[in-house]
Amino acid sequence: LYSFFPGSPSWPSNKRQLTYAISPTARISADDATLRSIFARAFERWANVTQMTFVEAAEYSAADIKIGFYSGDHGDGEAFDGVLGTLAHAFSPTNGRFHLDAAENWAVDGSLPSVGEIDLESVAVHEIGHLLGLGHSSVEEAIMFPTITSGTRRVELAADDVAGVQLLY
Ligand code: TQI
Ligand code: ZN
Ligand code: ZN
């Protein structure tokens, strides 16, 4: 079953469009168009089942959701740990910070990742769930289940994810 953060925070009901942007500086070597399409697809999966819409912000500084790739200690008290371990983190509404560990071997081509690679879209779909207010789920098929196996892809929302997010939006 899905869960929420303590107090069930969500984005305000008068704000159904959120903007997002990828940091122009905190990046990995993958090309810009590839990264943009991966995040756009990940946001679209949640937009498809809610009243929320997501658009890329023109200005990084003005975006509701700020995406960046960082290594080690990056100033928010939640240092990344190098290859594997923690892959990414995102904060509850309405913080909007979405950070990924630049040290991972990110798979960005949409095909099945090799062992040791982490599928970026799979992690993005999970972290966007957190950004919207979902905690972890006890349902193994759910995007919000707190385990993913290296070398796999999991990008389709399960009925459990949809039920949870539809209570918020
Ligand atoms: N990062 C953890 C996660 O996103 C960070 C975290 C732990 C967290 N507890 C939290 C974030 C509570 C928000 C709220 O779950 S992770 C997975 C999964 C991670 C893990 O790097 O361990 C995915 C990132 F689910 F597969 F285990 C993405 Cl998909
Ligand atoms: Zn961080
Ligand atoms: Zn999680």
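Please refer to the structure higher up on the page.
These numbers were taken from a predicted model, which means no experiment stands behind them.

Can you walk me through the environment of Thr53 in this structure?
Topologically, Thr53 is positioned in strand 2 (residues 53–56). Taking the C-alpha atoms as reference, Thr53 lies 26 Å from Ile28; in sequence the two are 25 residues apart. What Thr53 contacts, discounting residues up to four positions off in sequence, is Arg16, Gln17 and Leu18. Among the polar contacts made by the side chain of Thr53, one reaches the side chain of Gln17 at a distance of 3.4 Å.

In this structure, what is going on with the coordination of the zinc ion (ligand 3)? I would like to understand it.
Ideal geometry at a metal centre gives angles of 109.5 degrees when four donors are arranged tetrahedrally and 90 or 180 degrees when six donors are arranged octahedrally. Protein ligation of the zinc ion (ligand 3) involves His126 (NE2), His130 (NE2) and His136 (NE2), the donor distances falling in the range 2.0 Å. Going along the chain, you hit the donors of the zinc ion (ligand 3) in the pattern H-x3-H-x5-H. Note on His130: relative accessible area 9%, which makes it buried. On the basis of relative accessibility, which here comes to 36%, the residue His136 falls in the partly exposed class.

Could you clarify how one ought to interpret the coordination of the zinc ion (ligand 2) in this entry?
Of the protein atoms, only His74 (NE2), Asp76 (OD), His89 (NE2) and His99 (ND1) coordinate the zinc ion (ligand 2), at distances of 2.0 to 2.1 Å. The coordination sphere of the zinc ion (ligand 2) comprises four donor atoms, whose angles at the metal cover 93 to 116°; the geometry is tetrahedral. One chain supplies every donor to the zinc ion (ligand 2), and in sequence these donors are spaced H-x1-D-x12-H-x9-H. Here His89, found in strand 4 (residues 88–90), pairs with His99, found in strand 5 (residues 97–101); they are ten residues apart in sequence, far enough to count as distant. Pair check on accessibility: His89 and His99 agree, each one buried.

Explain the pattern of salt bridges to me, please; I cannot follow it from the model alone.
When charged atoms on two side chains of opposite charge get close, those side chains can pair. As enumerated under the stated definition, the model contains eight salt bridges in all. In this structure, Glu56 and Arg36 form a salt bridge, with 3.0 Å as the shortest nitrogen-oxygen distance. Within this pair, whereas Glu56 is found in strand 2, its partner Arg36 is found in helix 1 (residues 32–47), the two being separated by 20 residues in sequence. For Glu56, a relative accessible area of 34% translates into the label partly exposed. Take Arg36: its relative accessible area is 38%, and that puts it in the partly exposed class. Between Glu121 and Arg153 there is a salt bridge; the shortest N-O distance is 3.3 Å.

Help me out: how do you make sense of the nonpolar core in this one?
Nonpolar side chains in soluble globular proteins tend to end up buried together. With 40 residues, the main nonpolar core has Phe39, Trp46 and Leu100 as its most contacted residues. Other than its neighbours up to four places away in sequence, Leu100 contacts Phe39, Ile67, Gly68, Phe69, Tyr70, Phe80, Leu87, Ala88, Trp106, Leu120 and Val123.

Here is what the cut-offs are and how they apply
- Residues numbered from 1 in each chain as written.
- Chains lettered and ligands numbered in written order.
- Predicted model: local features only at pLDDT ≥ 70, side-chain atom pairs only at ≥ 80, totals over all residues.
- Heavy atoms only, no water.
- Helix = DSSP H or I, 4+ residues; strand = E, 2+ residues; numbered from the N terminus.
- Contact = heavy atoms within 4.5 Å.
- Polar contact = N/O pair within 3.5 Å; in protein donor to acceptor, adjacent residues only side chain to side chain.
- Donors = N, O, S within 2.8 Å, 3.2 Å for Na, K, Ca; no water.
- Buried < 20%, exposed > 50% of the residue type's maximum accessible area, 1.4 Å probe, protein only.
- Tetrahedral: all angles 85-135°; square planar, octahedral: opposite > 155°, others 65-115°.
- Salt bridge = Lys/Arg side-chain N within 4 Å of Asp/Glu carboxyl O.
- Core = buried A, V, L, I, M, F, W, Y, C linked by side-chain atoms within 4.5 Å.

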